[in-house]
Amino acid sequence: MEFAELIRTPRVDNVVLHRPFYPAVEGTLCLTGHHLILSSRQDNTEELWLLHSNIDAIDKRFVGPLGTIIIKCKDFRIIQLDIPGMEECLNIASSIEALSTLDSITLMYPFFYRPMFEVIEDGWHSFLPEQEFEFYSSATSEWRLSYVNKEFAVCPSYSPIVIVPKSIDDEALRKVATFRHGGRFPVLSYYHKKNGMVIMRSGQPLTGTNGRRCKEDEKLINATLRAGKRGYIIDTRSLTVAQQARAKGGGFEQEAHYPQWRRIHKSIERYHILQESLIKLVEACNDQTHNMDRWLSKLEASNWLTHIKEILTTACLAAQCIDREGASILIHGTEGTDSTLQVTSLAQIILEPRSRTIRGFEALIEREWLQAGHPFQQRCAQSAYCNSRQKWESPVFLLFLDCVWQILRQFPCSFEFNENFLIMLFEHAYASQFGTFLGNNESERCKLKLQQKTMSLWSWVNRPSELSKFTSPLFEANNLVIWPSVAPQSLHLWEGIFLRWNRSSKYLDEAYEEMVNIIEHNKELQAKVNILRRQLAELETEDGMQESP
Amino acid sequence: MEFSELIRTGRAQAELLRGPEAPPLRGTLCVTGHHLLLSPGPQATSDLWLLLLRSVDSIEKRVAGDSGTITLRCKDLRVLQLDIEGVEATLDIARSIEALSSLESVITSFPFFYRPKGLRLGDAWHFHPPEHYYKRVARETNAWRLSEVNEDFSVCPSYPRAVIVPRAVDDDALKRSARFRQGGRFPVLSYHHAPSGTVLLRSSQPLTGPQKRRCAEDEEMLRAVLAGARPGARGFIVDTRSSQTAKQARMTGGGTEAKAAYPGWKRLHRPLERGRPLQESFVRLVEACGDLEQSMDRWLSRLEGCRWLAHVKEALSTACLAAQGMEREGACILVHGAEGTDSTLLVTSLAQLILDPLSRTMAGFQELVEREWIQAGHPFQLRCAHSAFSHARPKHEAPTFLLFLDCVWQLGRQFPLSLEFGEGLLLALFEHAYASPFGTFLCNSEKERCLCEVRTRTHSLWSGLNQPKEQRKVRNPLYVLNPLAIWPSVEPQSLRLWQGLFLRWTRPPEPSEVAWEKVWQIVTDKEKTEGSQPTVSAPEPQS
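Here the residue numbers are simple positions, counted from 1 along each chain's written sequence. All chains are assigned letters beginning with A, and all ligands numbers beginning with 1, in the order in which they are written. Reporting of local features is limited, given that this is a predicted model, to residues whose pLDDT is at least 70; pairs of side-chain atoms are given and counted only at 80 or more, and all residues count toward the totals for whole chains, interfaces and linings. The basis for every side-chain value is the complete set of non-hydrogen atoms in the structure, without hydrogens or water.

- If you check an unreviewed UniProt entry, chain B appears there as Myotubularin-related protein 9 from Ceratotherium simum simum.
- In its Sequence similarities (unreviewed entry) section, UniProt records this for chain B: "Belongs to the protein-tyrosine phosphatase family. Non-receptor class myotubularin subfamily." UniProt positions are given in the numbering used here, feature names are shortened, and annotations may be inferred rather than shown by experiment.

- Going by the annotation in an unreviewed UniProt entry, the name recorded for chain A is Myotubularin-related protein 9, with Ceratotherium simum simum given as the source organism.
- Per UniProt, chain A has the following entry under Sequence similarities (unreviewed entry): "Belongs to the protein-tyrosine phosphatase family. Non-receptor class myotubularin subfamily."

Structural data, given as structure tokens:
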């Protein structure tokens, strides 16, 4: 097969590996179609087993005949390989470069990966839109499932099944789709059972410079409001940006045509600005100059925490409209595939206790990111080390995970999952043996036949042995809405991601272990106490029975 | 007594606002000699609200119509607002608070009147005499002796009665060395590191002056230190000033040890901030923390601009340097700056926490604070007269002790299992250093404490803290004895703002505190259900 052509030197001996937290180790380096493997010859154990797709950038250096390859991974780890022999080193470097940037998705590892574990539940069928709808249909009959997008003809980035107002028929949906960017007509994102308010999302309306209207669009949006209720349209762009979008055929809803709705503009950064922010942040975190002023000013200049604050603030606003004002909301930016999804999904974390459980959070990722058409393939093609500036990369999903972490940090007892769960999702979004994050939308995933040809991430995660790693010992179901603080002092750098490879977390992990042990032990003792109490009660009733004739 | 002259209005109706989370409190406000009291009306709960007047850092009054508002900014960084009925009452109460909160006399301060139930005067004052630490040193080595040359505080007014010095040096030599050191602070033992046989010493700067004066006894003393450690031992003098500042100090009579005069000793300069710049850094940080509406950029640039974290980093780095010199290089260390009562103590006490597992226990840490700060003559009264809100021009104020507590907090954050005490103890020490019903942090030196009879007429903070009901607040439930040195990471990325202190009153009650509370509860439950040896040992009777 064609990988062989790319691998000129499949094996080199006496390679020295340097990586964070471990002493340097010497061994044999092997290249396969998808992996870079280093095994120390002493006991034949693999010291390193790295997916090529996890490699973000490589540097090579030569000192005499000794070559050094520095591998920078998408999870921000930096690994160094010292390779004797200039030719071997060059061969290895060019193979890694070629193999880590394969163009064809079907050559990616998920298509070759055969799981070594028993699949208990096929993750591809774990989170179907029908199930989500069932959850709502017990509470309301105002919404229906529509199969209008069955062939992906109406909106290529939507899933085949969407939830829309019952009173709007498929014909009207088709017309609305022509009036919305990328065909993304307004669909239900979340139904707040407490008061029946909803979050909808869409693409921007294509009003253009001459203020085009669409009767069906107006009807659809109004159909979601109950009599006398008001709604808010949250535009994730500033007013200026939204106005400029008209020149390119986009635009925003004129309040005159949507009289029950008020528009709010909340600017959230997108695209390359976020990517540059990530690059600057990771650079700052790797800075070795030991200067506090320099670190703080670099942290500030990266603007990463500013983006976190903007996103969380907007999500809080959306949640406030729903829970405090009792108003429904529609969220969109331009395409409705990036900042829109950040806001809708974070608002659900704030509002909906179910989305703070492991299963519920997985469902949220599946519904609000994968099925909602966030273009993972484009956004996560490169991470913070890549030199080639391509224009589609953007750490939109990582920012979302970071925001979830901020809320988790502020409400440690309200989440069923721990930080490791979020870190795992970050890793798999950028490089994975599973097919879940491949493709840009459901339509592409369908064409790639991912369900048949690859394994779902959820099939692996939802096994008890994995789940135990991701479960927070402090979790106590909290049925309330949780309001995170967005004051700048309350937002922190996510060390678990950004300082993960710079600083050993050994002692923090030990403390965490200790806490888990104590909690486990406590549970056991509680169980014992309960058994003893029951026995005591039984004995007492027996006594009573013996006494009474 | 004279307080009554300062109290213009005994009482007024008022409403107290204590931040966003606590409900407002209505009732009768009273000013007494040492306290501000608010007793709610008969219909409300019987809880009496009490504030030590000494803890008021600044006071601001506004009147509008027939009522007034007093904003009290406390030394523990809390901000309180009192809405008072009556303009006259408001002004009178404000004036009374102003006068009473800034009384300078020590012996009329509250600790001399505080007589809590369950505590006996004199308890716990005897916990940590110099003899106590000397006994430990004597078990490890016989190169040192306890000298009572300062018995009447005449040799060095800021040292305690007894100090630990090289056995080979007699009291006369000590007296001569004292004349050669600023404030009479001749080199004394701060810590003996038994595993390496090396010692940590502290002193003040030598008074070499522009003519590069020398003192044979001082030189002999440092030679004796090296000889007592092991043959061929080396020494480092860690000067907490830049070499520039140290040179300039000669003009005012101070200076540094000349290399030729102290063979075997090498001088290192590690400038640490002190005095007014440190106080300003504290003030600016607290200002930045108080503004919750600012943008992320503004917050981060103010955090950078105040340089507090840079000071934390410098202090920890220098302590690591001293500790490394002892443990890794087997060298003796002498630390001094100018007076030897501020940054010097910061370095010596942090180095001990890094190296000495005993100092990380509850009793050991209290002993460390007592020995290396209180008895070592850190001028608490001068340094902690005002906190970050005071409008008064700072004269001698500097948050050196707070900086120490912050560094300890950073250690605890990086080694969550290794300290027996938790954040609660550090917060308590901060509060009590600035305003306290206990006598522990009163005065500037042992000499002053002796004159004021602090030990016999006030209660010790340690006996207050070591009551069982307080223990829960100050212990770390996860503590496991760690016999190793703990080397903190001092990279800027590893150091955090101490939210528990600086954002304690501005942020909503941190849910992680709630989580912590839960961990505590579980640990306590576990002890109860198990009934066996608890993880967190009960407070041991101390001798």
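1. Thoughts on the overall build of chain B
Stage number 1. Runs of E in the DSSP output that reach at least two residues are strands. Runs of H or I that reach at least four are helices, and both are numbered from the N terminus. Secondary structure summary: chain B contains 20 helices and 14 strands in total.
Stage number 2. C-alpha extents for chain B along the principal axes are approximately 75 × 60 × 55 Å.
Stage number 3. When a residue's accessible area, from a 1.4 Å probe over protein chains only, is under 20% of the maximum for its type it is buried; when over 50% it is exposed; and in between it is partly exposed. Counting only residues that meet the buried cut, chain B has 59% of its 543 residues in that class.
Stage number 4. Expressed as a percentage of contacts within chain B between residues at least 6 apart in sequence, the contacts between residues at least 24 apart total 71%.
Stage number 5. Carbon together with sulfur atoms contributes 53% to the accessible area of chain B, which is approximately 22000 Å² in total.
Stage number 6. Under this rule, positive means Lys or Arg and negative means Asp or Glu; His and the chain ends count for nothing. By convention, the charge on Lys lies at NZ, on Arg at CZ, on Asp at CG and on Glu at CD. Each charge class in chain B was averaged separately, 67 positive and 63 negative side chains, and the resulting centres sit 5 Å apart. Here, two residues are considered to be in contact whenever any of their heavy atoms come within 4.5 Å of each other. With residues, only the protein chains shown are counted as cover, and all accessible areas are computed by Shrake-Rupley using a 1.4 Å probe.

2. Considerations on the sheet that holds strand β11 (residues 198-202) of chain B
Residue and element names in this part refer to chain B.
Stage number 1. Taking strand neighbours across the sheet as the criterion, the five strands line up as β10-β11-β14-β12-β13 in an open arrangement whose pairing is mixed. Looking along the sheet, the strands with just one partner apiece sit at the ends: β10 (188-193) and β13 (265-269). Neighbour-to-neighbour, the strand axes of this sheet turn through a mean angle of 20°, independent of strand direction.
Stage number 2. In this sheet, β11 lies alongside β10 in antiparallel orientation, the contact comprising five bridges. When the bridges of β11 are listed, L189 appears paired with L201. For two strands to be treated as a pair, DSSP must find at least two bridges joining them. Between the N-to-C directions of two axes lies an angle of 0 to 180 degrees, each axis being a line fitted to C-alpha atoms and, for a helix, fitted only over the stretch in contact.

3. Some points on the interface of chain A and chain B
Stage number 1. Each side of the interface is counted separately: chain A has 46 residues, and chain B has 45 residues.
Stage number 2. Buried surface at the junction of chain A and chain B, summed over both partners, amounts to about 4100 Å²; 65% is from carbon and sulfur atoms.
Stage number 3. Any Lys or Arg side-chain nitrogen located within 4 Å of an Asp or Glu carboxyl oxygen qualifies as a salt bridge. At the boundary of chain A with chain B, the tally comes to three salt bridges.
Stage number 4. Between D293 of chain A and R307 of chain B there is a salt bridge, with its nearest N and O atoms 3.0 Å apart.
Stage number 5. Under the rule applied, a polar contact is a pair of N or O atoms within 3.5 Å (in protein, one hydrogen donor and one hydrogen acceptor; residues adjacent in sequence only if both atoms are side-chain atoms). For the interface between chain A and chain B, the tally reads 14 residue pairs in polar contact (both at pLDDT 80 or more).
Stage number 6. When residues of the side of chain A that touches chain B are assigned to their parent elements, the largest contribution, 13 residues, is made by helix α20 (residues 506-547) of chain A. Buried area counts how much accessible surface, traced with a 1.4 Å probe, disappears from two parts once they are put together, with both parts' losses summed.

4. Notes on unusual backbone geometry
Stage number 1. Unusually for a residue other than glycine, F21 of chain A sits at a positive phi of about 70°.
Stage number 2. The residue F21 of chain A is located in the loop between β1 (11-19) and β2 (22-31) in this model.
Stage number 3. If you check the backbone angles, F153 of chain B has positive phi at about 60° while not being a glycine.
Stage number 4. Relative to the helices and strands, F153 of chain B is located in the loop between β8 (144-147) and β9 (163-166).

5. What to know about the UniProt feature "domain: Myotubularin phosphatase" (unreviewed entry) in chain B
Stage number 1. Those places that UniProt annotates as "domain: Myotubularin phosphatase" (unreviewed entry) correspond, in this numbering, to residues 124-502 of chain B.
Stage number 2. In the segment residues 124-502 of chain B, helix accounts for 45% and strand for 9%; the C-alpha atoms at its two ends are 30 Å apart.

6. A word on a nonpolar patch on the surface
All names here are of chain A.
Stage number 1. Patch membership needs two things, relative accessible area over 30% and no salt bridge, and members are linked within 9 Å if like-charged or within 5 Å if nonpolar (Val, Leu, Ile, Met, Phe, Trp, Tyr). Taken together, the side chains of F62, M86 and L90 present a nonpolar region at the surface, about 250 Å² in accessible area.
Stage number 2. Mapped onto the elements of the fold, F62 is located in strand β5 (residues 55-63).
Stage number 3. The exposure class assigned to F62 is partly exposed, which follows from its relative accessible area of 32%.

7. Brief notes about the pattern of salt bridges
Stage number 1. According to the stated counting rule, one finds 58 salt bridges over all chains in the structure shown.
Stage number 2. Ionic pairing is found between R180 of chain A and D217 of chain A, a salt bridge with its closest N-O pair at 2.8 Å. Of the two residues, R180 of chain A is situated in the loop between α4 (170-178) and β10 (187-192) and D217 of chain A in helix α5 (residues 215-223); the sequence distance between them amounts to 37 residues. The two residues R180 of chain A and D217 of chain A agree in class, both being buried.
Stage number 3. E220 of chain B is the salt-bridge partner of R223 of chain B, the closest N and O atoms lying 2.8 Å from each other. With R223 of chain B and E220 of chain B both in helix α5 (residues 216-229), this residue pair falls three residues apart, about one helical turn.
Stage number 4. Here E220 of chain B falls in the partly exposed class, since its relative accessible area comes to 36%.
Stage number 5. What emerges from the salt-bridge pattern is a single network uniting E132, R201, E352, R354, R367 and E368 of chain A.

8. Some details on the packing of aromatic side chains
Stage number 1. When two rings of Phe, Tyr or Trp (its six-membered ring) have centres within 6.5 Å they constitute a pair, described as stacked for plane angles under 30 degrees, edge-to-face for angles over 60, and tilted for the intermediate range. Tallying each qualifying case throughout the model produces 41 aromatic pairs over all chains.
Stage number 2. Their ring planes at 90° and their centres at 5.3 Å tell us that Y158 of chain A and F185 of chain A sit as a pair that is edge-to-face. A residue pair is termed long-range when its members are at least 10 positions apart, and Y158 of chain A in the loop between β8 (143-146) and β9 (162-165) and F185 of chain A in the loop between α4 and β10 qualify at 27 residues. Accessibility classification places Y158 of chain A together with F185 of chain A in one group, the buried group.
Stage number 3. Where Y114 of chain B meets F438 of chain B, the ring centres are 5.4 Å apart and the plane angle is 90°; that geometry is what we call edge-to-face. Linking Y114 of chain B in the loop between α2 (87-101) and α3 (130-140) with F438 of chain B in the loop between α14 (423-434) and α15 (446-451), this pair joins segments that are 324 residues apart in sequence.
Stage number 4. Exposure remark for Y114 of chain B: the relative accessible area of 22% places this residue in the partly exposed category.
Stage number 5. By relative accessible area, F438 of chain B is classed as buried at 9%.
Stage number 6. By way of ring pairs, the aromatic residues F361, W369, F376, F397, F400, F415, F417, F421, F437 and F470 of chain A are connected into one cluster.
Stage number 7. Placement of a positive charge over a ring is assigned whenever Lys NZ or Arg CZ falls within 6 Å of the ring centre and within 35 degrees of the normal to the ring plane. Over the ring of Y22 of chain A we find R19 of chain A; its NZ or CZ atom is 4.3 Å from the centre of that ring.
Stage number 8. The positively charged end of R73 of chain B is found above the aromatic ring belonging to F389 of chain B, 5.9 Å away from the centroid.

9. Examining α5 of chain A
All names here are of chain A.
Stage number 1. Among all positions in α5, only D217, E218, L220 and I221 are buried. Summarising the axial view, the buried residues of α5 lie within an arc of 160°, below the 170-degree limit, and thus occupy one face. Among the exposed residues of α5, those oriented more than 90 degrees off its buried face are K215 and K219.
Stage number 2. Tucked inside the fold, the buried residues of α5 contact β9, α4, β13 (261-265) and β14 (328-332). Working definition: the arc comes from the directions between the helix axis and the C-beta atoms, pointing outward to the latter.

10. What to know about the sheet that holds strand β7 (residues 79-85) of chain B
Picture the strands of a sheet paired through backbone hydrogen bonds; they go either parallel or antiparallel.
Residues and elements named next belong to chain B.
Stage number 1. Pairing is antiparallel across the open sheet formed by seven strands, whose spatial order is β4-β3-β2-β1-β7-β6-β5. Two strands lie at the open edges of the sheet, namely β4 (49-52) and β5 (56-64), each paired on one side alone. In this sheet, adjacent strand axes meet at a mean angle of 30° when their direction is disregarded.
Stage number 2. Summarising the sheet, strand β2 (residues 25-31) and strand β3 (residues 35-40) pair through five bridges and their orientation is antiparallel. Counterpart to C30 in the pairing with β3 is L37.
Stage number 3. Along the sheet, α2 makes contact with β1 (11-17), β2, β3, β5, β6 (67-74) and β7, crossing β5 at roughly 165°.

11. A closer look at the environment of G439 of chain B
Residue and element names in this part refer to chain B.
Stage number 1. By the secondary structure assignment, G439 is in the loop between α14 and α15.
Stage number 2. For G439 and F112, which are 327 residues apart along the polypeptide, the C-alpha to C-alpha distance reads 7.6 Å.
Stage number 3. Apart from residues lying up to four places away in sequence, G439 is in contact with P111, W125, V454, T458 and H459.

12. Topic: a positive patch on the surface
Stage number 1. Together, K212, K247, K259, K266 and R267 of chain B give the surface a local cluster of positive charge.
Stage number 2. Since its relative accessible area comes to 54%, K212 of chain B is described here as exposed.

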